Amino acid sequence: RAIYEFNESLDSNVLEPVSRAYKNNMPEAAQKGIGNFLDNLGGVSTLANQILQFKPIESAETLARILVNTTIGLGGLFDVASDMGLVTEDEDFGQTMAVWGVEQGPYVVLPLFGPSTVRDGIGTYVDLTSPANMVDEIGEVGVSVINVVDKRVDLLSITDILDQSDDPYITMRSSYLQKRNNDIYDGNVPVTDDDF
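Along each chain, residues carry numbers from 1 onward, in the same order as the chain's sequence is written. The predicted nature of this model means local features are confined to residues of pLDDT at least 70 and side-chain atom pairs, given and counted, to a pLDDT of 80 or more, with totals for whole chains, interfaces and linings taken over all residues. Where side-chain values are given, they derive from all heavy atoms of the structure, hydrogens and water being excluded.

A. Broad picture of the overall build of the chain. A run of H or I in DSSP counts as a helix once it spans at least four residues, and a run of E counts as a strand once it spans at least two, with each numbered from the N terminus. Within the chain one finds 9 helices and 2 strands. Here the globule rule is a power law, 2.2 Å times the number of residues to the power 0.38, and the radius of gyration is based on C-alpha atoms. Against the compact-globule benchmark of 16 Å for 196 residues, the chain has a radius of gyration of 18 Å, which places it among compact chains. Along the first, second and third principal axes, the C-alpha set of the chain runs to 45 × 45 × 30 Å. It only takes one pair of heavy atoms within 4.5 Å for two residues to be counted as in contact. Intrachain contacts of the chain at a sequence separation of at least 6 include 63% that bridge at least 24 residues.

B. Just the side chain of Asp127, in detail. Topologically, Asp127 is positioned in helix α6 (residues 118-129). Of the buried charged residues, Asp127 lacks a salt bridge, with Arg180 as the closest side chain of opposite charge at 7.1 Å. In this structure the side chain of Asp127 is engaged in a polar contact, spanning 3.0 Å, whose partner is the backbone nitrogen of Phe93. Only protein chains enter the accessibility calculation, which uses a 1.4 Å probe; a residue whose area is less than 20% of its type maximum is buried, one above 50% is exposed, and one in between is partly exposed. Only four residue types enter the charge count, namely Lys and Arg as positive and Asp and Glu as negative; His and the chain termini do not. Any Lys or Arg side-chain nitrogen found within 4 Å of a carboxyl oxygen on Asp or Glu counts as a salt bridge. Pairs of N or O atoms are called polar contacts if they sit within 3.5 Å, as long as, within protein, a hydrogen donor faces a hydrogen acceptor (for residues adjacent in sequence, only side-chain-to-side-chain pairs).

C. Main features of the side chain of Thr46. Structurally, Thr46 can be placed in helix α2 (residues 28-52). At a separation of 3.3 Å, a polar atom in the side chain of Thr46 contacts the main-chain amide nitrogen of Glu91. Beyond its immediate sequence surroundings of up to four residues, Thr46 is in contact with Thr62, Thr88, Glu89, Asp90 and Glu91.

D. How the structure looks around unusual backbone geometry. The backbone of Phe54 shows a phi angle near 60°, a positive value even though the residue is not glycine. With respect to the secondary-structure elements, Phe54 resides in the loop between α2 and α3 (56-71).

E. The arrangement of a nonpolar patch on the surface in detail. Patches here: salt-bridge-free residues with over 30% relative accessible area, like charges joined within 9 Å, nonpolar side chains (Val, Leu, Ile, Met, Phe, Trp, Tyr) joined within 5 Å. Accessible surface is estimated by sampling points in the Shrake-Rupley manner with a 1.4 Å probe; for residues, cover comes only from the protein chains shown. Residues Phe37, Leu41, Leu74, Leu77 and Phe78 make up a contiguous nonpolar surface patch of about 450 Å² in total accessible area. Judged by relative accessible area, Leu41 falls into the partly exposed class, the value being 37%.

F. Quick peek at the nonpolar core. Residues Tyr4, Tyr107, Val109, Leu162, Tyr169 and Tyr176 constitute the largest nonpolar core, which totals 6 residues. For this core, the secondary-structure elements that each account for two or more residues are β1 (107-110) and α9 (168-184). Contacts of Tyr4, omitting those with residues within four sequence positions, involve Val109, Leu162, Pro168, Tyr169 and Met172. Buried residues of nine kinds, namely Ala, Val, Leu, Ile, Met, Phe, Trp, Tyr and Cys, make up a nonpolar core once their side-chain atoms join them within 4.5 Å.

G. A look at the packing of aromatic side chains. Each Phe, Tyr or Trp ring, with Trp reduced to its six-membered ring, pairs with another whose centre is within 6.5 Å; inter-plane angles below 30 degrees give stacked pairs, above 60 give edge-to-face pairs, and intermediate values give tilted ones. Under the definition given, this model contains 4 aromatic pairs. Between the aromatic rings of Tyr107 and Tyr169, the centroid separation amounts to 6.1 Å while the plane-to-plane angle is 75°, which identifies the pairing as edge-to-face. Separated by 62 residues along the polypeptide, Tyr107 in strand β1 and Tyr169 in helix α9 bring together distant segments of the chain. For the pair shown, Tyr107 and Tyr169 are each scored as buried.

H. The arrangement of the environment of Tyr125 in detail. Tracing the chain through its elements places Tyr125 in helix α6. For the pair Tyr125 and Gly94, spaced 31 residues apart in the sequence, the C-alpha separation amounts to 9.5 Å.

I. Representation of the environment of Ser82 within the structure. Along the chain, Ser82 falls in helix α4 (residues 80-83). For Ser82, the contacting residues outside a window of four places in its chain are Arg65 and Val87.

J. Representation of the pattern of salt bridges. Enumeration over the complete set of coordinates arrives at 14 salt bridges. Between Asp11 and Arg152 there is a salt bridge, with the nearest N and O atoms lying 2.6 Å from each other. Within this pair, whereas Asp11 is found in helix α1 (residues 2-25), its partner Arg152 is found in helix α7 (residues 137-154), the two being separated by 141 residues in sequence. Residue Asp11 is classed as buried on the basis of its relative accessible area of 12%. The class for Arg152 is buried, based on a relative accessible area of 6%. A salt bridge links Asp183 to Arg180, with the nearest nitrogen and oxygen atoms 3.7 Å apart. Within this pair, Asp183 and its partner Arg180 are both found in helix α9, separated by 3 residues, close to a single helical turn. Judged by relative accessible area, which is 18%, Asp183 ranks as buried.

Structure (structure tokens):
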């Protein structure tokens, strides 16, 4: 809870105001182009994780999506691939480890990164340090800052709802664990006796 409070303080004093200013003042077309560009960059990491999860069809679609958006979509600024029916779900190394049978471990809140589990925390580190995400240092910092702001804009409506909760920490923990379980099973979470 202490790290959660630290993150909340940082968010309410820095990230949320910057994100709201970005959303309200940046032209919508520019926001969409930046989001598309960042999604295209993230596709490389998704592709690597799909290969490691032995998903050949999804890997082929993601590769095609990257190639189409990088070429026809002008470096990813335009999402031409979605119009062609080439869609993909994000995959990360935490999900890959889950597919390999690594237990999730306890729920944790990482400074600056937010909710996680031990497995997903390790996965986040691997994803951030993978060659697919490495660019020169200045470019890496610039892309990281823009990526954080872009992701935070996407979460504004969700955090507005979260702020109305009786206990935002518990709501966040429950929501995160349910979402990750859904991600790991690609939306087909098995029913267990505990669900009844």
